[in-house]
Amino acid sequence: MLLLENLNPEQLAAVTLPDQSALILAGAGSGKTRVLTTRIAWLIQTGRVSPNGILAVTFTNKAAREMLTRISAMLPINVRGMWIGTFHGLCNRLLRAHYRDAGLAQHFQILDSQDQQAVVKRVLKAMNVDEDRFPAREAQYFINAEKEEGRRAKDIEIADEISRRYAEIYAAYDEQCQREGVVDFAELLLRTHELLSRNEILREHYRSRFRYILVDEFQDTNRLQYRWLKLLAGEDSVVFAVGDDDQSIYRFRGANVGNMAEFERDFRVENVIRLEQNYRSHGNILAAANALIAHNRRRLGKNLWTAAGQGEPVRVYEAQSDEQEARWITEEAQALKREGLRLSDIAILYRSNAQSRVIEHALFSSGLPYRVYGGLRFFERLEIKHALAYLRLAANPDDDGAFLRVANFPARGIGARSLEALQDAAKLAGASLYRAAAGLSGKAGAAVGGFVRLVDALRAETQGLPLPETVEVMLERSGLVAHYRSQRDGADRVENLNELVNAAAAFVQEEDEKDLAAFLSHAALESGENQAAEGADALQLMTVHSAKGLEFHAVFITGLEEGLFPHEQSVMEEDGLEEERRLMYVAITRARTRLYLSHAQTRMLHGQTRYNVASRFFDEIPGAVLKRLTPRLERGRLEDVAWAPEPKKVSASRAPDHGFRIGQSVLHPKFGQGVIVNAEGSGTDARLQINFGKQGMKWLALEYARLTAA
DNA sequence: AATCCGTCTATTTTT
DNA sequence: TAGACGGATT
């Protein structure tokens, strides 16, 4: 069969598995997506199932789109019948279809994290909660965590005053959302789960429809998502779960790798297939990755191999400072460019976003084009949020969040006092702001009344209009475009607002949907491109997390220092170090042919200079695959975190006369390798504070300590 | 209603 | 260092 050509034996076995649930351990670069999509195509082509019987779940819209495109390329069928999407997207689809059974408003809106936080804040204020003791951030986290455990406010075990209060906040928050007809991300999943558990007819309907369920990135599923799958699959569906425990890097947002083991048990998995042949990286790179990840204890076990040769060694660079590291990256990238490499095939990775600044600075000075991933995305921009708020009010006037956002934007004389009066009235009546507005009198009533009429007019005028025109009318009538046009630096925002019209047009065309509510949920569920894609060939700067799933010819992993990578906060956490190591594993396996690892002795962090020791990950990679580009500064192995406290400034007027400087590596006959982190005194009084890593931090008198420069 | 200023904080991120 | 936020000021 044409479909199955060029699959390796393991891939073939996975694709053609008989009707039993299976777990596919797919290593980095092992052709995971290919297996997933070919499996679907094979199921359909061999007549095991019609497209209608397929449910495929992914984590990102990007992955879902990719799957869809690949399948349509393989099969001459209409892919519309298949349900392929993210957990949230699929839940949204289900809830829209059964909103009444789910107890939701017909045009319920979806809150993104920002919106959710705003609702939480409003609830806290209305409850008169002390926001120092119960910060909105914490409350939001609490609510989401509880929802992900499948618990409602009433299910929470009250242990103390604090948990009692949080449970109350949770309850009030849910009531508020219900009143407004809005739903947060976790709610989409929980609501669907509750709907299907409660409603046997619906449950059986979907169970018998989706005979084949496929899950991508299974290691990233959280508890609720897993329960959701179990509920939907029932006894008879065949679940094909693809994942890689070694690439589980999202524990902090609820991902539960344990789901993999649980899946094996719950679904009586007899087939665990390992895809270990890597088609991406050269031998040395894989050797580094394998050796590193072998240091983790909790693994399902897997070893990548490649038919390609050893390739180049992994290059290691030690810089004096973060700035020098950045300059070196720039030079090296320029050299690669001269060799003919496309800049977009070079990635510069870091553990945390703050690290990008120095690098950007160096790149900017050198004139090398680059693109930074992360940051604000299209639908998260303020002007877009404002525009969407008008649309949301047109679709669902009870959306208080949207109401508050734009009632006085652009300014129309509705001040804080008017809004407070309105909120009081709404609270008293147990109604939304929009509905309470009618009962408001006086000056406030007049101004608010004007806004309500605007919303009504907007709804009336856009009735029956095509979506893009609805957006256009809204932009004009709301006064948003006029407002930004009059601002000196509003040009970009006006441009973005116009872009929203295009987004609506694209949505109508691609999704074959013309409903405003559908467009709004699309906006919430798919927050859009991370940054306008610049056509120019540019270096790719991103965190290791966002590099997952990507590959590059050359990869720089920067800031490989204790405290940074592995991050100091993770080292304290249970299992934190193992996750950092998986993160490093993900970073390494992004590279096809060239890999650079770099670290700096000195780094500016939070406005203070820190003296960092090289990451322990260097010690976990065999020296044979490494090639040092800088003179070797061998240092003690670090089992625990070690970094410098704040150094005292050595004033220039009393420059030390002993020749040692802060940040320098030294050798001590008893304590071994260390880094000077502080110094005081001079001459025979000179004392140095040295970080000996595992041996600890010591103050030594220079006169007696037999120190040598390392 | 807009702006200024001091305080606080500071992994990782998708939906 | 630098951004976000809340409170106070103009």
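Quick notes on the rules
- Residues numbered from 1 in each chain as written.
- Chains lettered and ligands numbered in written order.
- Predicted model: local features only at pLDDT ≥ 70, side-chain atom pairs only at ≥ 80, totals over all residues.
- Heavy atoms only, no water.
- Helix = DSSP H or I, 4+ residues; strand = E, 2+ residues; numbered from the N terminus.
- Buried < 20%, exposed > 50% of the residue type's maximum accessible area, 1.4 Å probe, protein only.
- Contact = heavy atoms within 4.5 Å.
- Salt bridge = Lys/Arg side-chain N within 4 Å of Asp/Glu carboxyl O.
- Near = heavy atom within 4 Å.
- Polar contact = N/O pair within 3.5 Å; in protein donor to acceptor, adjacent residues only side chain to side chain.
- Nonpolar A, V, L, I, M, F, W, Y, C, P; charged D, E, K, R; others polar.
- Expected span 1.5 Å × (residues − 1).
- Core = buried A, V, L, I, M, F, W, Y, C linked by side-chain atoms within 4.5 Å.
- Arc of directions from axis to C-beta.
- 1 Å grid on protein atoms, 1.4 Å probe; cavity = no way out; pocket = protein on both sides within 12 Å on 5 of 7 lines; lining within 4 Å.
- Points joined across faces, edges and corners; volume = space filled by probe spheres on them.
- Axes fitted to C-alpha atoms, helices over the stretch in contact; angles between N-to-C directions.
- Parallel < 35°, antiparallel > 145°, perpendicular 65-115°, else oblique.
- Left-handed = near helix turned anticlockwise from the far one by under 90°.
- Pairing = 2+ DSSP bridges.

A word on the overall build of chain A. Broken down by element type, chain A carries 26 helices and 21 strands. With the C-alpha coordinates aligned to their principal axes, the bounding extent of chain A is approximately 85 × 70 × 55 Å. For chain A, the residues scored as buried account for 54% of the 710 residues in total. Within chain A, contacts between residues at least 6 apart in sequence are counted, and of these 76% link residues at least 24 apart.

What follows covers the pattern of salt bridges. The final tally for this structure, using the stated rule, is 51 salt bridges. Where Glu66 meets Arg70, a salt bridge forms, and the shortest distance between an N and an O atom there is 2.9 Å. Here Arg70 and Glu66 lie together in helix H3 (residues 61-74), a separation of four residues that amounts to about one turn. On the basis of relative accessible area, Arg70 is assigned to the partly exposed category, the value being 32%. Measuring nitrogen to oxygen at the nearest pair gives 3.0 Å for the salt bridge that ties Asp246 to Lys302. Within this pair, whereas Asp246 is found in the loop between strand E7 (238-243) and helix H11 (258-266), its partner Lys302 is found in the loop between helix H12 (283-293) and strand E9 (314-321), the two being separated by 56 residues in sequence. Comparing Asp246 with Lys302, the two get one shared label, buried. Where salt bridges share partners, they join Lys147, Arg152, Asp174, Asp184, Glu187, Arg191 and Glu194 into one cluster.

The next thing to look at is the protein's contact with DNA strand B. Ser113, Arg351, Asn353, Thr543 and Ser570 are the nearest of the 26 residues found near DNA strand B. Taking all atoms of DNA strand B within 4 Å of the protein, the share assigned to sugar and phosphate is 51%. Interatomic distance of 2.5 Å between a side-chain N/O atom of Arg351 and a base oxygen of DNA strand B. Measuring from a base oxygen of DNA strand B, one finds a side-chain N or O atom of Glu573 at 2.9 Å. Looking at the surface near DNA strand B, the elements with two or more residues in it are helix H24 (544-547) and helix H25 (568-572).

Within the secondary structure, Tyr484 is located in helix H21 (residues 480-486). C-alpha of Tyr484 to C-alpha of Pro410: the two residues are 74 residues apart in sequence and 9.1 Å apart in space. In this structure, Tyr484 is in contact with Glu383, His386, Phe409, Gly490, Arg493, Val494 and Leu497, ignoring residues within four places of it in sequence.

Neighbouring residues of DNA strand C: Lys121, Arg357, His606 and Gly607. When atoms of DNA strand C within 4 Å of the protein are sorted by moiety, sugar and phosphate together comprise 46%. Arg357 is positioned with one of its side-chain polar atoms (N or O) 2.7 Å from a phosphate oxygen of DNA strand C. Grouping the constituent residues of the surface near DNA strand C by class yields no nonpolar, two polar and two charged.

The next point concerns helix H2 (residues 32-45). Between its first and last C-alpha, H2 extends 20 Å over 14 residues, near the 20 Å set by a 1.5 Å rise per residue. In terms of residue burial, H2 counts as a mostly covered element, since eleven of its 14 residues are buried. Listing the buried residues of H2 in full gives Lys32, Val35, Leu36, Thr37, Thr38, Arg39, Ile40, Ala41, Trp42, Leu43 and Ile44. Positive phi shows up at Gly47, right after H2, with a value of about 75°.

Another point: the environment of Asn290. Mapped onto the fold, Asn290 is located in helix H12. In sequence terms Asn290 and Leu304 are 14 residues apart; their C-alpha atoms lie 6.8 Å from each other. Among all residues touching Asn290, those that are not within four sequence positions of it are Asn303 and Leu304.

Here the focus is the nonpolar core. The nonpolar side chains of soluble globular proteins are, as a tendency, buried together. Counting 63 residues, the largest nonpolar core has Leu55, Leu188, Tyr206, Ile213, Phe218, Trp228 and Phe263 as its most contacted members. Discounting residues that sit within four places of it in the chain, Trp228 has contacts with Phe87, Leu90, Cys91, Leu189, Thr192 and His193. If you look at the next biggest cluster of nonpolar residues, it comprises 49 residues, including Leu419, Val448, Leu475 and Ala523.

Before going further, it helps to spend a moment on H11. The complete set of buried residues in H11 reads Asn259, Met260 and Phe263. Projection of H11 onto a plane perpendicular to its axis shows the buried side chains occupying an angular sector of 105°, all on one side. Just beyond H11, the residue with positive phi is Arg268, at close to 45°.

The next subject is the side chain of Gln225. Residue position: Gln225 is located in helix H10 (residues 223-233). Separated by 2.8 Å, the side chain of Gln225 and the backbone nitrogen of Asn222 make a polar contact. Beyond its immediate stretch of four places on either side in the chain, Gln225 contacts Phe59, Phe87, His88, Leu189 and Asp220.

What the second largest pocket holds in volume is close to 700 Å³. Along the wall of the second largest pocket there are 23 residues; nearest its centre are Arg122, Val123, Ala126, Gln423 and Lys427. Looking at the lining of the second largest pocket, the elements that each hand over two or more residues are helix H5 (113-127), helix H7 (161-180) and helix H17 (416-429). In terms of residues, the lining of the second largest pocket owes the most to one element, H5, which gives seven residues. Per-class residue counts for the lining of the second largest pocket are eight nonpolar, four polar and eleven charged.

The next thing to look at is the packing of helix H15 (residues 382-395) against helix H23 (residues 516-525). Interhelical geometry of H15 versus H23 gives an angle of 140° and a closest axis separation of 10 Å. Accordingly, the angle class assigned to the pair H15 and H23 is oblique. H23 is crossed by H15, and the crossing has left-handed handedness. Facing H15, whose interface residues are Leu388, Leu391, Arg392, Ala394 and Ala395, H23 presents Leu516, Leu520 and Ala523.

What the six strands build is an open sheet, ordered E3-E2-E6-E7-E1-E8; its pairing is parallel. The outermost strands of the open sheet, each flanked by one partner alone, are strand E3 (83-86) and strand E8 (271-275). Strand-to-strand twist of the sheet, defined as the mean angle between neighbouring strand axes without regard to direction, takes the value 15°. Bridge count between strand E2 (residues 54-58) and E3: four bridges; the pairing is parallel. Within the sheet, the bridge partner assigned to Leu55 lies in E3 and is Trp83. In this fold H3 packs onto E2 and E3, with an angle of close to 155° to the strand it touches most, E3. Contacts from H11 reach strand E1 (22-26), E7 and E8, with the element oriented near 150° to E1.

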